[in-house]
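Read off the chains here:
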Amino acid sequence: MKVAVVLFTRDLRVHDNPALSAASRAAEHVVPLFVHDPALPAGRNRRWFLDESLTDLKESLRRLGADLVELRGDPVHEAVRVAKAVGAEGLGLARDVSGFARDRERRLEQACADERIALKTFPGVTVVPPDAVRPGGGDHYKVFTPYWRAWQGQKPRDVEGAPRRLRLPEKLPKSWFQDRKAHPDAAGGETAARKRLTDWLPHLEVYDQFHDDLAADRTSRLSPYLHFGCLSPRELAARAEGRAGAEPFIRQLCWRDFYHQVLLAFPGLRREKYRAGAEDSWRDEADAFQAWQEGHTGIPIVDAGMRQLRSEGWMHNRARLITASYLTKHLDADWRLGGDHFFDLLLDGDVANNYGNWQWVAGTGNDTRPYRRFNPVRQAERFDPRGDYVRRYVPELADLEGGAVHAPWKLPEARRKQLRYPAPLAMP
Ligand SMILES: Cc1cc2nc3c(=O)[nH]c(=O)nc-3n(C[C@H](O)[C@H](O)[C@H](O)COP(=O)(O)OP(=O)(O)OC[C@H]3O[C@@H](n4cnc5c(N)ncnc54)[C@H](O)[C@@H]3O)c2cc1C
């Protein structure tokens with residue numbers, strides 16, 4: 001093949017990118033393309049992260065001899081337009097699972113067929129392709145543990161390196177975007193992801209011991225890189241495998257795959273309750289919801305989590321569980337509202353993982369114990385026993401020592417008044 005176009009979506013990397021590798025092998029000239037789609041909503045945090053990731057990708061592609069053509073518009077229309085302009089015979093992209101992505105893929109299939117361009121889709125968004133593991137008689141796994149067993153039995157595809165060299169065709173469409181200068185301390189992008197991975201891997205050994213410790217903050221923090229595909233989940237699993245302490249971590253990557261196969265089978269995950277028969281009616285109290293969003297519920301561990309989200313665009317997994325449970329099971333508010341708020345602010349905001357987890361917590365999703373309700377104070381005492389996580393994010397309580405910080409309503413009234421901290425909206 002003379003020319004192929006690679007349409008990047010959320011696989012913003014050159015290492016272990018099956019679509020890019022295949023194009024580099026099959027075609028003499030490769031056109032890497034990214035199309036900013038105005039129809040795809042992204043919160044402000046994900047916008048800057050995407051920007052940094054694209055800048056980094058462009059630099060990596062230039063080092064390999066190519067470049068990144070960046071356009072704006074409907075990706076289907078733009079990809080076919082570019083393919084025709086450069087005389088491409090083939091177009092490759094990573095398969096994805098959301099309703100939005102699958103609709104884009106279907107439209108691309110049709111448009112490519114009309115123009116006699118060969119469209120090829122590739123794995124890479126998950127460790128194991130979401131349609132590769134199926135239970136007998138069903139289209140997807142509804143419960144995690146049997147999925148985990150079947151997932152572990154899969155023969156994984158080989159991890160691919162970055163292409164050695166890429167060659168652009170002579171005539172290239174002009175990028176819609178001006179060149180941005182890469183910032184050496186940029187948090188987004190493949191370079192930062194690979195550095196983070198290398199720095200963090202030695203901590204894998206103690207992952208099981210510390211991954212629920214809120215104050216220690218010792219999880220990988222790789223989720224935004226996985227979301228944008230700056231890091232290949234398959235390569236991440238391969239680099240973890242065989243190391244001491246790998247299994248509990250790889251199990252988390254399997255949870256990610258699990259929700260991806262749920263979303264593939266149930267595209268309504270973001271709005272419709274997943275479990276037929278689940279109770280799905282909620283109280284609509286705007287003031288309580290706003291207090292939760294702003295971290296003023298009067299439950300310190302909930303407020304700490306919500307303020308971490310607001311200030312960092314990220315929240316520790318244990319805090320996500322506690323804050324989501326408090327919203328749905330104590331304040332009785334709709335999981336969709338909470339899910340949308342998270343989705344808006346999270347750097348790793350992801351339809352499959354976000355709404356899959358929200359439905360799990362709310363009892364409308366994949367939890368086999370849907371009536372489970374976390375007691376936030378007991379959770380705090382267990383996972384933030386010294387109160388350091390709360391003091392880090394709730395400065396009003398910084399003077400309270402040790403675990404006393406988790407229940408300020410138990411303090412003598414005079415002391416409580418000095419704190420300027422609200423009474424609980426709902427008791428634990
Ligand atoms: C209410 C709620 C909402 C969530 N929303 C998102 C979201 O929008 N995007 C997102 O990536 N994760 C989401 N999670 C899952 C989890 O909280 C984050 O993936 C994790 O905190 C990211 O931190 P880390 O990279 O340090 O994780 P680590 O503990 O280092 O785990 C490694 C990777 O495993 C995956 N993973 C870990 N836990 C889960 C899980 N419970 N479900 C699915 N994948 C998991 C992530 O890709 C993560 O990066 C949500 C969890 C809850 C309870």
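Keep in mind it's a predicted model, so treat the numbers as computed, not measured. (Residues numbered from 1 in each chain as written. Predicted model: local features only at pLDDT ≥ 70, side-chain atom pairs only at ≥ 80, totals over all residues. Heavy atoms only, no water.)

*Asks:* Looking at this structure, how should I read the nonpolar core?
*Replies:* Nonpolar side chains tend to gather and get buried jointly when the protein is soluble and globular. The biggest cluster of nonpolar side chains holds 110 residues, and the ones touching the most others in it are Phe8, Trp292, Ile301 and Tyr389. Of the residues forming this core, the biggest block, 10 residues, is contributed by helix α10 (residues 246-265). Non-local contacts of Phe8, meaning those with residues more than four positions away in its chain, are made with Arg13, Asn17, Leu20, Pro32, Leu33, Phe34, Leu57, Leu61 and Leu68. Within the second largest apolar cluster, 21 residues are counted, among which are Leu33, Val82, Ala83 and Cys112. (Core = buried A, V, L, I, M, F, W, Y, C linked by side-chain atoms within 4.5 Å. Buried < 20%, exposed > 50% of the residue type's maximum accessible area, 1.4 Å probe, protein only. Helix = DSSP H or I, 4+ residues; strand = E, 2+ residues; numbered from the N terminus. Contact = heavy atoms within 4.5 Å.)

*Asks:* I tried to follow the sheet that holds strand β3 (residues 69-72) on my own but got confused; where do I start?
*Replies:* Sheet strands line up and pair through hydrogen bonds in the backbone, either parallel or antiparallel. Taken in spatial order, the five strands line up as β3-β2-β1-β4-β5 in an open sheet, and their pairing is parallel. Since the sheet does not close on itself, it has two edges, and those belong to β3 and β5 (118-122), each with one partner. Strand-to-strand twist of the sheet, defined as the mean angle between neighbouring strand axes without regard to direction, takes the value 25 degrees. For strand β1 (residues 3-8) and strand β2 (residues 29-36), the ladder comprises six bridges, and the chain directions are parallel. Along β2, the bridge assignment pairs Val5 with Val31. Across the sheet, helix α3 (residues 75-85) lies against β1, β2, β3 and β4 (90-94), angled at about 155 degrees from β2, the strand it touches most. Along the sheet, helix α4 (residues 99-115) contacts β1, β4 and β5; its crossing angle with β5, the most-contacted strand, is approximately 155 degrees. (Pairing = 2+ DSSP bridges. Axes fitted to C-alpha atoms, helices over the stretch in contact; angles between N-to-C directions.)

*Asks:* So what exactly am I meant to see when it comes to the packing of aromatic side chains here?
*Replies:* To describe a pair of aromatic rings, you give the distance between the ring centres and the angle between the ring planes. What the rule picks out here adds up to 22 aromatic pairs. Plain terms: the ring middles of Phe49 and Phe228 are 5.5 Å apart, the flat faces sit at 25 degrees to each other, and that makes the pair stacked. Of the two residues, Phe49 sits in helix α2 (residues 44-63) while Phe228 sits in helix α8 (residues 223-228), which places them 179 residues apart along the sequence. On the basis of relative accessibility, which here comes to 2%, the residue Phe49 falls in the buried class. (Phe/Tyr/Trp six-rings, centres within 6.5 Å; stacked < 30°, edge-to-face > 60°.)

*Asks:* Help me understand the domain arrangement of the chain in this model?
*Replies:* You'll often see interface size given as the accessible area lost when the parts meet. By domain assignment, the chain separates into domain 1 (3-125), domain 2 (126-155 + 191-265) and domain 3 (286-419). Once you take the C-alpha centre of each, domain 1 and domain 3 turn out to be 38 Å apart. In this complex, domain 1 contributes seven residues to the contact, which on the side of domain 3 involves eight residues. Interface area lost by domain 1 to domain 3 is led by Arg44, Asn45 and Arg46, which between them contribute 63%. At the surface where domain 1 touches domain 3, the tally comes to one salt bridge. Residue Arg10 pairs with Asp350 through a salt bridge whose shortest N-O separation is 3.6 Å. Residues belonging to the side of domain 1 that touches domain 3 are distributed by class as follows: two nonpolar, two polar and three charged. (Domains from an automatic or database assignment. Buried area = accessible area lost by both parts, 1.4 Å probe. Salt bridge = Lys/Arg side-chain N within 4 Å of Asp/Glu carboxyl O. Nonpolar A, V, L, I, M, F, W, Y, C, P; charged D, E, K, R; others polar.)

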